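Structural characterization, general
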Amino acid sequence: DALINGINIVLKAVPSKTTMPILECILIDASETEIKLTGNDMELGIETKVEGTILEKGKIALDAKLFSEIIRKFSSPDAIITIESDRMLNTTISSENSVFNNIQGKDGDEFSYLPYIEKDRQITLSQFTLKEIIRQTLFSISPNDSNKMMTGELFSIDGSKLEVVSLDGHRISIRNIVLKENYEAAKVIVPGKTLSEISKILNGDNESEVQIFFSQNHILFEFNDTIVVSRLIEGEYFRISQMLSSDYETKIQVNKKEFLDCIERATILIRENDKKPLILKIEDQSMELKLNSSFGSMNAEIGIQKTGKDIMIAFNPKFLIDALRVIDDEEISLYMMNPKSPCFIRDDEERYIYLILPVNFNAASV
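Calculation criteria
- Residues numbered from 1 in each chain as written.
- Predicted model: local features only at pLDDT ≥ 70, side-chain atom pairs only at ≥ 80, totals over all residues.
- Heavy atoms only, no water.
- Core = buried A, V, L, I, M, F, W, Y, C linked by side-chain atoms within 4.5 Å.
- Buried < 20%, exposed > 50% of the residue type's maximum accessible area, 1.4 Å probe, protein only.
- Helix = DSSP H or I, 4+ residues; strand = E, 2+ residues; numbered from the N terminus.
- Contact = heavy atoms within 4.5 Å.
- Salt bridge = Lys/Arg side-chain N within 4 Å of Asp/Glu carboxyl O.
- Axes fitted to C-alpha atoms, helices over the stretch in contact; angles between N-to-C directions.
- Left-handed = near helix turned anticlockwise from the far one by under 90°.
- Nonpolar A, V, L, I, M, F, W, Y, C, P; charged D, E, K, R; others polar.
- Parallel < 35°, antiparallel > 145°, perpendicular 65-115°, else oblique.
- Pairing = 2+ DSSP bridges.

Let's shift gears to the nonpolar core. Within the largest apolar cluster, 51 residues are counted, with the highest numbers of intra-cluster contacts made by Phe67, Leu130, Leu162, Ile212 and Phe221. Element by element, the count of residues in this core is highest for strand S11 (residues 171-191), at six residues. Ignoring any residue separated from it by four or fewer positions in sequence, one finds Phe221 in contact with Leu130, Val190, Thr194, Leu195, Ile198, Val210, Gln211, Ile212, Thr226, Ile227 and Val228. Membership of the second largest hydrophobic core comes to 37 residues, among which are Phe259, Cys262, Ile304 and Leu334.

Have a look at this one:
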């Protein structure tokens with residue numbers, strides 16, 4: 001089970017398609033005092049230590065898919081597995097009463113090692129905090145590569161403040177974290193793929209720490225017995241401050257769960273590629289939600305506290321759902337200017353800010 005756990009971690013950095021066959025392998029490095037497994041697709045590299053005994057030092061690269069499947073087929077999780085390679089790179093994997101012979105490996109020295117990163121610029125977070133930051137922002141990066149910047153997240157450090165920003169052209173997610181110490185100012189753009197894979201490996205423990213190191217082109221995450229190295233996205237990130245405004249004509253406070261449940265009920269009427277807007281009609285102490293689609297229509301009303309003007313505004317319901325699901329507050333505040341200006345969901349301390357652009361709606365459909 002220690003080996004399977006290690007394989008599962010490094011598999012996240014093994015490419016499914018590549019012109020370099022060596023990258024389809026997992027490196028087993030037992031050339032020093034510890035057993036290390038490594039996967040590397042040249043953008044993202046992961047190395048983890050596995051508990052075991054080195055009987056004779058050496059290293060071998062084995063096809064990741066085959067190696068993974070062989071180890072999974074041994075029935076008992078506490079079975080002891082022996083891996084042995086000769087000078088011709090033929091590998092034997094044995095356990096219990098089963099032996100796999102003549103598994104052809106590749107020379108471990110040909111494997112692309114993870115880039116070395118100077119550990120002079122860094123921050124430290126708990127695993128829980130990093131996992132939460134990723135969960136609360138990753139949904140609003142762009143899924144396609146047409147704008148490279150939008151496929152990553154901005155990590156901006158200023159003293160004891162860490163700001164994490166993601167956007168996709170329709171919405172912006174911002175999380176502000178207070179760090180335990182003051183750090184040197186830095187700004188880096190981390191690929192969304194890297195953050196997604198790290199999130200799957202983190203145990204989410206509040207006591208365990210993650211050390212994050214930055215260099216000119218790379219970022220390194222170090223936690224438990226694992227290190228993750230990733231290339232950074234190069235370039236200048238969008239000037240977010242110009243998109244944020246504290247002005248509003250309408251402010252509402254609403255129970256988050258009630259609002260979210262209501263929107264989720266409305267989306268039952270929408271199919272995958274349907275772009276039907278959710279219309280919010282906000283008056284004194286109530287908000288009416290309305291959605292029309294080819295399958296039917298839904299109307300609902302929920303109680304709110306309102307400051308400022310009445311407003312009718314429409315949104316892509318998915319964008320509201322994504323933001324509401326990652327806010328832990330019971331009551332939330334929405335700030336709006338007019339039906340064509342962005343809506344802001346934020347708390348008083350601005351620990352989180354979610355900006356969502358409204359969509360046009362036909363007055364006849366109201």
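Attention shifts here to the pattern of salt bridges. Going through the model one piece at a time under the given rule, you end up with 21 salt bridges. Between Lys306 and Asp310 there is a salt bridge whose closest N-O contact spans 2.4 Å. Overlapping salt bridges bring together Asp168, Arg171, Lys318 and Asp322 as one network.

Contact geometry of helix H5 (residues 256-266) with helix H6 (residues 317-325) gives a least axis separation of 10 Å together with a crossing angle of 145°. Where H5 crosses over H6, the handedness of that crossing is left-handed. Contact residues: H5 offers Lys256, Phe259, Leu260, Ile263 and Glu264, while H6 offers Pro317, Leu320, Ile321, Leu324 and Arg325. Taken together, the residues of the contact of H5 with H6 break down into seven nonpolar, no polar and three charged.

With that out of the way, let us pick up the packing of helix H3 (residues 127-137) against helix H4 (residues 192-201). Interaxial distance between H3 and H4 falls to 10 Å at its minimum, and their mutual angle equals 135°. In terms of their interaxial angle, H3 and H4 are classed as oblique. Crossing handedness for the pair H3 and H4: left-handed. Of the residues in H4, those touching H3 at Leu130, Lys131 and Ile134 are Leu195, Ile198 and Ser199.

Along strand S13 (residues 218-223), five of the six residues are buried, which leaves the element largely enclosed by surrounding structure. Bridge count between strand S12 (residues 209-214) and S13: four bridges; the pairing is antiparallel. Within S13, the position partnered with Phe214 by the bridge is Ile219. Hairpin connection between S12 and S13: a loop of three residues separates the two successive antiparallel strands.

The next thing to look at is H6. Counting buried residues in H6 gives seven out of nine residues, a clear majority hidden from the surface. Those residues of H6 lying buried are Pro317, Phe319, Leu320, Ile321, Asp322, Ala323 and Leu324.

What follows deals with the environment of Lys281. You can see Lys281 is positioned in strand S16 (residues 278-282). Its relative accessible area of 32% is what places Lys281 among the partly exposed residues. Each C-alpha atom, one on Lys281 and one on Lys73, is 58 Å from the other, the two residues being 208 residues apart in sequence. Ignoring anything within four residues of it in the chain, the contact list for Lys281 reads Ser286, Met287, Glu288, Ile311 and Met312.

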